[in-house]
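One-letter residues, chain by chain:
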Amino acid sequence: MNDVLRIAVQKSGRLSEDSLNLFKECGIKFDNGAGKLKATSSNFPAEFLFLRDDDIPGYVEDGVADMGIVGQNVHVETNKNVSETKLLGFSKCRLSIAIPRGEVYNGVTDLEGKSIATSYPIILGNFLKEHGVTAHIHEISGSVEIAPSIGLADAVCDIVSSGGTLLSNGLKEVEVIFRSEAIMISYPKLSPEKQDILNQILFRIDAVQRAKNSKYVVLNTRNENIAAIRALLPGMKAPSILPLADEGWSSMHSVITEQDFWQNIEKLREAGAEGILVMPIEKIIY
Ligand code: ATP
Ligand code: ZN
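Conventions we followed
- Residues numbered from 1 in each chain as written.
- Chains lettered and ligands numbered in written order.
- Predicted model: local features only at pLDDT ≥ 70, side-chain atom pairs only at ≥ 80, totals over all residues.
- Heavy atoms only, no water.
- Phe/Tyr/Trp six-rings, centres within 6.5 Å; stacked < 30°, edge-to-face > 60°.
- Helix = DSSP H or I, 4+ residues; strand = E, 2+ residues; numbered from the N terminus.
- Buried < 20%, exposed > 50% of the residue type's maximum accessible area, 1.4 Å probe, protein only.
- Lys NZ or Arg CZ within 6 Å of the ring centre and 35° of its normal.
- Domains from an automatic or database assignment.
- Donors = N, O, S within 2.8 Å, 3.2 Å for Na, K, Ca; no water.
- Core = buried A, V, L, I, M, F, W, Y, C linked by side-chain atoms within 4.5 Å.
- Contact = heavy atoms within 4.5 Å.
- Arc of directions from axis to C-beta.
- Near = heavy atom within 4 Å.
- Polar contact = N/O pair within 3.5 Å; in protein donor to acceptor, adjacent residues only side chain to side chain.
- Areas by Shrake-Rupley, 256 points an atom, 1.4 Å probe, with all protein chains shown as cover.
- Nonpolar A, V, L, I, M, F, W, Y, C, P; charged D, E, K, R; others polar.
- Pairing = 2+ DSSP bridges.
- Axes fitted to C-alpha atoms, helices over the stretch in contact; angles between N-to-C directions.

**Topic: the packing of aromatic side chains**
Alright, step 1. Summed over the entire model, instances satisfying the criterion amount to 3 aromatic pairs.
Alright, step 2. Geometrically, the ring pair formed by Phe 23 and Phe 48 is edge-to-face, given 5.1 Å between the ring centres and 70° between the ring planes. Here Phe 23 is found in helix α1 (residues 16-25), whereas its partner Phe 48 is found in strand β3 (residues 46-51), with 25 residues between them in sequence.
Alright, step 3. Among the residues examined, Phe 23 registers a relative accessible area of 0% and is labelled buried.
Alright, step 4. The class for Phe 48 is buried, based on a relative accessible area of 0%.
Alright, step 5. Taken together through their ring pairs, the aromatic side chains of Phe 23, Phe 30 and Phe 48 make up a single cluster.
Alright, step 6. Directly above the aromatic system of Phe 30 lies the positively charged group of Lys 24, at a separation of 5.4 Å from the ring centroid.

**Comments concerning the domain arrangement of the chain**
Alright, step 1. Parsing the chain into structural domains produces domain 1 (5-87 + 182-211), domain 2 (93-180) and domain 3 (214-280).
Alright, step 2. Each of domain 1 and domain 3 was reduced to a C-alpha centroid, and the two centroids are 39 Å apart.

**Considering the coordination of the zinc ion (ligand 2)**
Alright, step 1. Ligation of the zinc ion (ligand 2) by protein atoms is provided by Asp 53 (OD) and Asp 54 (OD), these donors lying 2.0 to 2.1 Å from the ion.
Alright, step 2. On the basis of relative accessible area, Asp 53 is assigned to the buried category, the value being 16%.

**Observations concerning the nonpolar core**
Alright, step 1. In this structure, Ile 7, Phe 23, Ile 28, Phe 30, Phe 48, Met 67 and Ile 201 are the most contacted members of the largest nonpolar core, which totals 28 residues.
Alright, step 2. Contributions of two or more residues to this core are made by β1 (5-10), α1, β3, β4 (67-71), β11 (182-186) and α6 (192-212).
Alright, step 3. Take this core: its biggest share by element is 6 residues, from α6.
Alright, step 4. Residue contacts for Met 67: discarding those within four places in its chain leaves Leu 5, Arg 6, Ile 7, Ala 8, Phe 23, Val 60, Met 184, Ile 185, Ser 186, Leu 198 and Ile 201.
Alright, step 5. Judged by nonpolar contacts, the second largest core, of 19 residues, contains Leu 95, Ile 99, Leu 111 and Val 133.

**Things to note about helix α4 (residues 121-130)**
Alright, step 1. Within the sequence span of α4, burial applies to Ile 123, Leu 124, Phe 127 and Leu 128. In a view along the axis of α4, the buried residues occupy a sector of 130°, so they form one face of it. Exposed side of α4, more than 90 degrees from the buried face: Lys 129 and Glu 130 are the residues found there.
Alright, step 2. On the buried face of α4, the contacting elements are α3 (72-78), β6 (93-100), β7 (115-118), β8 (136-139), β9 (155-160) and β10 (171-180).
Alright, step 3. After α4 finishes, the residue Gly 132 shows a positive phi value of roughly 65°.

**Thoughts on the site of ligand 1**
Alright, step 1. Neighbouring residues of ligand 1: 15 residues in total, closest Arg 14, Arg 52, Asp 54, Asn 73 and Ser 161.
Alright, step 2. Between Gln 10 and ligand 1, the recorded distance is 2.8 Å, taken from a side-chain N or O atom to an oxygen atom.
Alright, step 3. The side chain of Asp 53 places a nitrogen or oxygen atom 2.8 Å from an oxygen atom of ligand 1.
Alright, step 4. In the complex, the protein chains occlude 77% of the 640 Å² of accessible area that ligand 1 would expose alone.
Alright, step 5. Of the residues belonging to the shell around ligand 1, the class tally is 4 nonpolar, 6 polar and 5 charged.

**Focus on the sheet that holds β3**
Alright, step 1. Strands sit in the order β2-β3-β1-β4-β11-β5 across an open sheet of 6 strands; the sheet is mixed. Edge strands, defined here as strands with exactly one partner in the open sheet, are β2 (38-40) and β5 (83-87). Recorded for the sheet is a direction-independent mean angle of 25° between the axes of neighbouring strands.
Alright, step 2. Where β1 meets β4, 2 bridges bridge the pair, whose relative direction is parallel. From the neighbouring strand, Ala 8 faces β4, where its bridge partner is Gly 68.
Alright, step 3. Against the sheet, α1 touches β1, β3 and β4, its axis set at about 150° to β1.
Alright, step 4. Across the sheet, α6 is in contact with β1, β4, β5 and β11; its angle to β5 comes to roughly 25°.

The following block contains the structure:
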C-alpha cells in the first residue's frame, strides 16, 4: 500500500482558511466542501482531517494524524508529545491578562490572591509561577470576557488580537503573557516514507514563503548607471542585464526582499532607474 500523510487542520475557525491556503499554494489539491470531515488529495499523497483545533495535538500525539496545524497557544496548553516542525507566520495573536477598566494596576504582584478566569490554565499557571504570584485560576471554556462583570472572577486571561472584545466588556489589557502564531506539529515517530512526504511539503512551503517575502524587479537605465544600480540590488545572484533596442540603454532584472523594497526603490530612482516594474513571485526554488 502506498503511504499517505494524514494532515489535521481546523474544521472552521481562525486557522482554517490560512491552513487550507498553505496547502493550495503548495499545489496540493483537495476538495474541502462544507461539512466534510475528511478529504483525500487528488494529486499528492495526503489526506486531510477537519477537526476542532483543541483536538489536533492529541490526534498527532497518538499518530492518528501524522501532522497538524494549530496555534502555539493550543500546542503549549495541551502539552502533548509532538514534534514542533515549523512556524507558519499566520493566525498571530497574544494571550493577555485583563482587569476591569476602572481598576489600578501597578504590576504582576497586584494579581496576588485574585481569581482569574481563563481557558488557558497551563500557560497562565506557568506565567504566575514564573513571577512568584499565587492566584486562583478559574478554568472556563468560553466567554471568558464576561467573568468579571458577573462576579465570577477578578480578572481574565484570554486571546487578544485587536482588544475590541475586551473594551466592549469594560476590561483593559494589563499583561501580555504569551505570543502565538500557527505552528505545524508532527508525530515524533513517522515512518521514513511518511517523513519523506512531510519533507516534500516543507520544501514546497519554503518555496512559497520565500516568494511571499520577495518581489521581482525590472527596470531600465542608461548603461553608465548599471554599476551603481547593481550595488543597490542584492538579488539571489547577479542581476540579469539585457540591452534595450535603444542604444546605450539596458534593462536590469533582479529579486529584492519586501523589506528592502521601499527603502531601495527611492535610491534606485536617484541612481538613474526608470520604468521600474515590481511584480509578485509565486515560488522560489534554490
Ligand atoms: P474550534 O471550534 O476549532 O475549537 P476555537 O473557537 O477554539 O475553534 P478560533 O477562534 O477559531 O478557535 O481560533 C483558533 C486559533 O486561532 C486560536 O487558538 C489562536 O491560535 C488563533 N487566533 C485566535 N484569535 C485570533 C485572532 N483574533 N486573530 C488571529 N488568530 C487568532
Ligand atoms: Zn478550539
